[in-house]
Amino acid sequence: MTYKLLKPNDLNYKDIIIGYFDIIHLGHMRILENKNACVLTFINVPGKLNPINDDKTRIRNLKNLGFKQIYVFDLSKHNMRAKTFADKYLSLVKSITVGSDCKIGNDHQLITSIIDDKKVNAIKYNHNYSTSLVKKLLHEGKVKEINKILVIPLLFTYKVIKGNQLGRTIGYPTINFDIKDH
């Protein structure tokens with residue numbers, strides 16, 4: 001997993017794409033078109049309930065799409081107001097590409113309301129594709145439908161753990177996974 005923890009001046013004079021990118025669905029593809037841009041994503045996001053993928057998987061998915069520079073901002077260590085974040089980290093960026101509903105900061109401000117419109121390319125994407133829809137379909141167990149709208153199919157990996165080995169006593173050995181987080 002290759003990424004850099006974001007520091008002031010890291011994004012100066014660069015094209016950047018900002019997003020959480022829990023999963024990569026078809027709606028994200030217009031946002032993620034510029035493979036030469038840097039990606040800024042966030043970890044330890046307060047209030048981010050039930051993410052589908054862990055941070056390692058999200059970053060790996062972005063790498064698999066061809067992004068070479070991925071920056072991560074840890075909100076548990078540096079949570080701040082949107083304007084403060086923009087002034088400290090985004091003031092000298094060349095351009096910013098985001099989804100039109102992208103909010104930043106602990107005051108949840110639309111990025112388009114705090115940064116010069118000339119720098120921000122806010123993409124409106126087809127709402128037939130959304131992380132909320134994927135979560136709903138996942139809850140309903142409709143994995144085939146989910147994978148039709150995902151760019152990178154769902155793949156869950158779990159650690160195999162030792163159970164009570166009762167299945168083998170009746171001729172049906174089983175495998176046990178540690179799936180507390182899902």
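Calculation notes
- Note on numbering: residues in each chain are counted from 1, in written sequence order.
- In keeping with the predicted nature of the model, local features appear solely for residues at pLDDT of at least 70, side-chain atom pairs appear and are counted solely at 80 or more, and the whole-chain, interface and lining totals rest on all residues.
- Hydrogens and waters are ignored; side-chain quantities use all the structure's heavy atoms.
- Numbering of helices and strands runs from the N terminus, with a helix taken as a DSSP run of H or I at least four residues long and a strand as a DSSP run of E at least two residues long.
- Buried, partly exposed and exposed residues are distinguished by accessible area as a fraction of the type maximum, computed with a 1.4 Å probe on protein chains only: under 20%, between the cut-offs, and over 50%, respectively.
- Neither His nor the chain ends contribute to the count of charged residues, in which Lys and Arg are positive and Asp and Glu negative.
- Throughout, a charge is located at the NZ atom of Lys, the CZ atom of Arg, the CG atom of Asp or the CD atom of Glu.
- Note that the arc is defined by the directions from the helix axis to the C-beta atoms.
- Within a predicted model, pLDDT stands for the predictor's per-residue confidence, ranging from 0 to 100.
- Any Lys or Arg side-chain nitrogen located within 4 Å of an Asp or Glu carboxyl oxygen qualifies as a salt bridge.
- The criterion used for residue contact is that any of the two residues' heavy atoms lie within 4.5 Å.
- In short, DSSP must find at least two bridges between two strands for them to pair.
- For the handedness criterion, the strands are oriented away from the viewer, and a crossover whose path from the first strand over the helix to the second runs clockwise is classed as right-handed.

Draft legend 1. The overall build of the protein, seen in detail. When you go through the protein residue by residue, the secondary structure sums to six helices and ten strands. Its C-alpha atoms give the protein principal-axis dimensions of roughly 70 × 35 × 30 Å. Buried residues in the protein amount to 37% of all 182 residues. Distance between charge centroids for the protein: 5 Å, based on 29 positive and 16 negative side chains.

Draft legend 2. Representation of helix α3 (residues 82-90). For α3, the complete set of buried residues consists of Ala82, Phe85, Ala86, Tyr89 and Leu90. Around the axis of α3, the buried residues are gathered within 100 degrees of arc, so they sit on the same side.

Draft legend 3. Highlighting the confidence of the model for the protein. Summary statistics for the protein give a mean pLDDT of 89 and a share of 98% for residues scoring 70 or more. Between the elements of the protein, mean pLDDT differs from a low of 80, seen in strand β10 (residues 176-178), to a high of 97, seen in strand β2 (residues 15-18).

Draft legend 4. The arrangement of the pattern of salt bridges in detail. Counted according to the given criterion, the structure contains six salt bridges. Across the pair aspartate 55 and arginine 58 runs a salt bridge, and its minimum N-O distance is 3.0 Å. Of the two residues, aspartate 55 and arginine 58 both sit in helix α1 (residues 55-64), three residues apart, roughly one turn of that helix. Accessibility expressed as a relative area gives 27% for aspartate 55, which makes it partly exposed. Across the pair aspartate 87 and lysine 83 runs a salt bridge whose closest N-O atoms are separated by 3.0 Å. Residue aspartate 87 and its partner lysine 83 are both found in helix α3; the two are separated by four residues, about one turn of the helix.

Draft legend 5. Quick peek at the environment of threonine 2. Locating threonine 2 in the fold gives a position in the segment before β1 (4-5). Residue contacts for threonine 2: discarding those within four places in its chain leaves Ile59, Lys63 and Ile70.

Draft legend 6. Summary view of the pairing of strand β4 (residues 70-74). Most of β4 is tucked away: five of the five residues are buried. Covered by surrounding structure in β4 are Ile70, Val72 and Asp74 together with Tyr71 and Phe73, the residues of both alternating faces. Pairing between β1 and β4: two bridges, direction parallel. Directly across from leucine 5, in β4, lies its bridge partner valine 72. Pairing analysis gives five bridges linking strand β3 (residues 38-43) to β4, with the strands arranged parallel. Counted as the bridge partner of isoleucine 43 is aspartate 74 from β4. Handedness of the crossover is the feature at issue here: the chain leaves β3, passes through α1, returns alongside β4, and the resulting connection is right-handed.

Draft legend 7. Structural detail: α1. Among the residues of α1, Thr57, Arg58, Ile59, Asn61 and Leu62 are the ones counted as buried. Of the surrounding elements, those touching the buried residues of α1 are β3 and β4.

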